[in-house]
Every structure is written in C-alpha cells, then in structure tokens.
Amino acid sequence: GAVVSQHPSWVICKSGTSVKIECRSLDFQATTMFWYRQFPKQSLMLMATSNEGSKATYEQGVEKDKFLINHASLTLSTLTVTSAHPEDSSFYICSARVGTVSNQPQHFGDGTRLSIL
Amino acid sequence: DAKTTQPNSMESNEEEPVHLPCNHSTISGTDYIHWYRQLPSQGPEYVIHGLTSNVNNRMASLAIAEDRKSSTLILHRATLRDAAVYYCILPSRGSNYKLTFGKGTLLTVNP
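### Topic: the state of the cysteines
What makes a disulfide is a covalent bond joining the sulfur atoms belonging to two cysteines. Tallied over the full model, the rule gives two disulfides over all chains. The disulfide partner of Cys23 of chain A is Cys94 of chain A, and the S-S distance across this bridge is 2.0 Å. Handedness of the Cys23 of chain A-Cys94 of chain A disulfide follows from its S-S torsion of about 80 degrees: it is right-handed. Remark: Cys94 of chain A occurs in strand E9 (residues 90-97) and Cys23 of chain A occurs in strand E3 (residues 19-25); sequence separation between them is 71 residues. In this pair, the class of Cys23 of chain A matches that of Cys94 of chain A, namely buried. The residue that forms a disulfide with Cys22 of chain B is Cys88 of chain B, at a sulfur-sulfur distance of 2.1 Å. The disulfide joining Cys22 of chain B to Cys88 of chain B has a torsion of about -80 degrees about its S-S bond and is therefore left-handed. Here Cys88 of chain B lies in strand E8 (residues 84-89) and Cys22 of chain B lies in strand E2 (residues 18-23), a separation of 66 residues in the sequence. On the basis of relative accessibility, which here comes to 3%, the residue Cys88 of chain B falls in the buried class.

Structure (structure tokens):
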C-alpha cells in the first residue's frame, strides 16, 4: 500500500518551455503533498507544501511564479516549471501524506529527471 | 526544531546485521522519529517511525533510547539491495511537519 506515482520519469526540453509533472497517490487520499528538488550529490530540498484545495506554501528562495503547484484533488498534485532554463535542470520528487500530524510518514514518488537544453 | 546527527558512512557485509545510529539530543516529547532511505536514482522510501517504544516492521527495527536522545535503525540481515543513503528525520513541528533532509548515512553492503 501507500503507492505514489510520478509522471513523467524523465523529460528533456528546450529552454523557455514549460513542463508539467504529475504526482498521484494511487491507493490512499493525500491531504498534503510535498515537492522536493535534488541536485547531483546533494540531499533533497523541500520546495513547497500543498494541502488539497489550498494554495501551496513555498520555502524561502523558491519562486512561486516559476514553480506553479496545483493540488486540486486528494489524489493529484501537479508541479509546472514555467519558462524553464538550464539551471532548472534537476531531479524533482513529490511525496504524499495522509493527515497533518507528525506520526504520519510521507510516501515518495520515483522522481522526475528534468533536463533543459 | 530538533536536529539529527548521523555518521556520514557505514559499511556492512551481506547477510550481517546493520545498526545505523542517530543522535537527536534536542528532541521534544512529542517529536516522532522517522527513517527514510534513498537508493541511487530513486525517490526516498519510508522505512519506519516511532515515538517512544521500539518498533518493528517487515523492513527494519527501530530501537529508541530511554531518554529519546538517540535511536538506532536495525537491518537484521543486510542485502545488496539495502545499499542506500539512510536519513533519520524529526518532522518539524509548526511547519506542517515537513521533513528536512540532511546528508544521511551512506550504507555500503559488501558481498
């Protein structure tokens, strides 16, 4: 149980285009979803937290107009990287959690490797 | 928010037990202890979590010190597939219990 599906697994696109990444909780309803970014040889960095039906909360230094997050249902959240540039190339990972208390673990997708040419 | 300290790396032999330590001396009474691991080129995977008592699941065991200032993740019989970076995390109170990933412990399993 607790499977999170992330799509696509990898994407290569030209500079200036927008890319949408989907994150789905397949067998549970996710009150809260998270988006992370991971650069090579580094640890995961949280970008934003989204609760279903609410606006996302972005971490300091993350541009909310560049990284658009939508969490319209309890099983789907999307991250859109707008006007992507080579410095946005990274490994993007989503996670989902049931409830809002610390005893509930997060379940992660397999990540999306984004390469901007 | 409480911080955790883990060794940068550890090495084990296949089919032997592995004890991965974590210090969290500033833990509060309501902080849960979470463990995740990340295999190369994959998203992290939830391993186990606990509050006060020792916990067991199909993947591992979590031993929590009586004063809760440290914990140990126990892999009973390491396999090559257990080679990963292991993260010990205390979800942040007051911030939607978000997870802050440190550098974790890189576990190498020798055949």
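### As for the sheet that holds strand E4 (residues 45-50) of chain B
Strand pairing in a sheet relies on backbone hydrogen bonds. The paired strands run either parallel or antiparallel. Residues and elements named next belong to chain B. Spatially, the five strands line up as an open sheet ordered E1-E9-E8-E3-E4, and their pairing is mixed. Every interior strand has two partners, whereas the edge strands, strand E1 (9-13) and E4, have only one. When the angles between neighbouring strand axes are averaged without regard to direction, this sheet yields 25 degrees. With three bridges connecting them, E8 and strand E9 (residues 105-110) associate as antiparallel partners. Looking at the pairing, Tyr86 lines up with Thr105 of E9.

### Some details on the sheet that holds strand E8 (residues 76-81) of chain A
All names here are of chain A. Strand order in this open sheet of four strands is E1-E3-E8-E7, and the pairing throughout is antiparallel. In the strand order of this sheet, the two ends are held by strand E1 (4-7) and strand E7 (67-73), each with one partner. Each adjacent strand pair in this sheet contributes to an overall mean axis angle of 15 degrees, direction not counted. Of the pairings in the sheet, the one linking E7 to E8 comprises five bridges and is antiparallel in character. When the bridges of E8 are listed, Ser73 appears paired with Leu76.

### So, the pairing of strand E3 (residues 33-38) of chain B
All names here are of chain B. Of all six residues in E3, six are buried; the element is thus mostly enclosed. Here E3 shows a buried face lined by Ile33, Trp35 and Arg37 and a second buried face lined by His34, Tyr36 and Gln38. Pairing of E3 with E8, which is carried by five bridges, proceeds in the antiparallel orientation. Within E8, the residue paired with Arg37 across the bridge is Tyr86.

Here is what the cut-offs are and how they apply
Residues numbered from 1 in each chain as written. Chains lettered and ligands numbered in written order. Predicted model: local features only at pLDDT ≥ 70, side-chain atom pairs only at ≥ 80, totals over all residues. Heavy atoms only, no water. Disulfide = S-S within 2.5 Å. Helix = DSSP H or I, 4+ residues; strand = E, 2+ residues; numbered from the N terminus. Buried < 20%, exposed > 50% of the residue type's maximum accessible area, 1.4 Å probe, protein only. Pairing = 2+ DSSP bridges. Axes fitted to C-alpha atoms, helices over the stretch in contact; angles between N-to-C directions.

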